[in-house]
Amino acid sequence: MNMFDEIEKLRKDLPRLKKVTDEVTKQELNNYQVVALIIMGAGICIGIIFGNVFPSCGTTSGLYSQTCTTTEFNFSLTLTIWFIAFLVCVFFYGMGSIITLLNSINKKLDKKR
């Protein structure tokens, strides 16, 4: 038995680009997934806005240590808001995926009846 003959028998062609794009484009987003994408976009915008509205203190004056002489963009606040928005987005998108899977299972069970 030749190993290469076994490989030839079991070998499958790689999927073509058209097949891959058809698989990706036939999936539809449900309401939960749309809400997740909107939350992510809003989270990015709100993070940038809050980073500017609530700046961090760059340097303090020597005499009055509570007084900021320069302010900088607040990256830590921005990244925190982005991270929270990402977590909420993943939660809602996952819920939407679960609902989509349950709907497809329900449709397959209805066809069998």
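Placed above this text is the structure.
This report concerns the structure included in the present document. On a predicted model such as this, the values are computed, not experimentally measured, just so you know.

Comments concerning the overall build of the protein chain
Argument step 1. On a plain count of helices and strands, the protein chain comes out with four helices and two strands.
Argument step 2. In the protein chain, the order of α-helices and β-strands from amino to carboxyl end is α-α-α-β-β-α.
Argument step 3. Going through the 113 residues of the protein chain one by one, you find that 12% of them count as buried.
Argument step 4. If you take every contact in the protein chain between residues at least 6 apart in sequence, the share linking residues at least 24 apart comes to 57%.
Argument step 5. Summing over all exposed atoms, the protein chain offers an accessible surface of approximately 9800 Å²; the carbon and sulfur share of this is 67%.

Description of the layout of surface pockets
Argument step 1. Space inside the largest pocket adds up to approximately 360 Å³.
Argument step 2. Taken together, Lys-26, Gln-27, Glu-28, Leu-29, Asn-30, Thr-100, Leu-101, Asn-103, Ser-104, Lys-107 and Lys-108 make up the full set of residues lining the largest pocket.
Argument step 3. For the lining of the largest pocket, the residue count by class is two nonpolar, five polar and four charged.

Focus: the packing of aromatic side chains
Argument step 1. Evaluated as defined, the whole model comprises three aromatic pairs.
Argument step 2. Seen from their ring centres, Phe-50 and Phe-54 are 5.6 Å apart, and the 80° between their planes marks the pair as edge-to-face.
Argument step 3. Look at Phe-54 and you get partly exposed, because its relative accessible area is 45%.
Argument step 4. Ring centres 5.7 Å apart and planes at 75° place the aromatic pair Phe-91 and Phe-92 in the edge-to-face group.
Argument step 5. Look at Phe-92 and you get partly exposed, because its relative accessible area is 25%.

About the thresholds
Residues numbered from 1 in each chain as written. Predicted model: local features only at pLDDT ≥ 70, side-chain atom pairs only at ≥ 80, totals over all residues. Heavy atoms only, no water. Helix = DSSP H or I, 4+ residues; strand = E, 2+ residues; numbered from the N terminus. Buried < 20%, exposed > 50% of the residue type's maximum accessible area, 1.4 Å probe, protein only. Contact = heavy atoms within 4.5 Å. Areas by Shrake-Rupley, 256 points an atom, 1.4 Å probe, with all protein chains shown as cover. 1 Å grid on protein atoms, 1.4 Å probe; cavity = no way out; pocket = protein on both sides within 12 Å on 5 of 7 lines; lining within 4 Å. Points joined across faces, edges and corners; volume = space filled by probe spheres on them. Nonpolar A, V, L, I, M, F, W, Y, C, P; charged D, E, K, R; others polar. Phe/Tyr/Trp six-rings, centres within 6.5 Å; stacked < 30°, edge-to-face > 60°.

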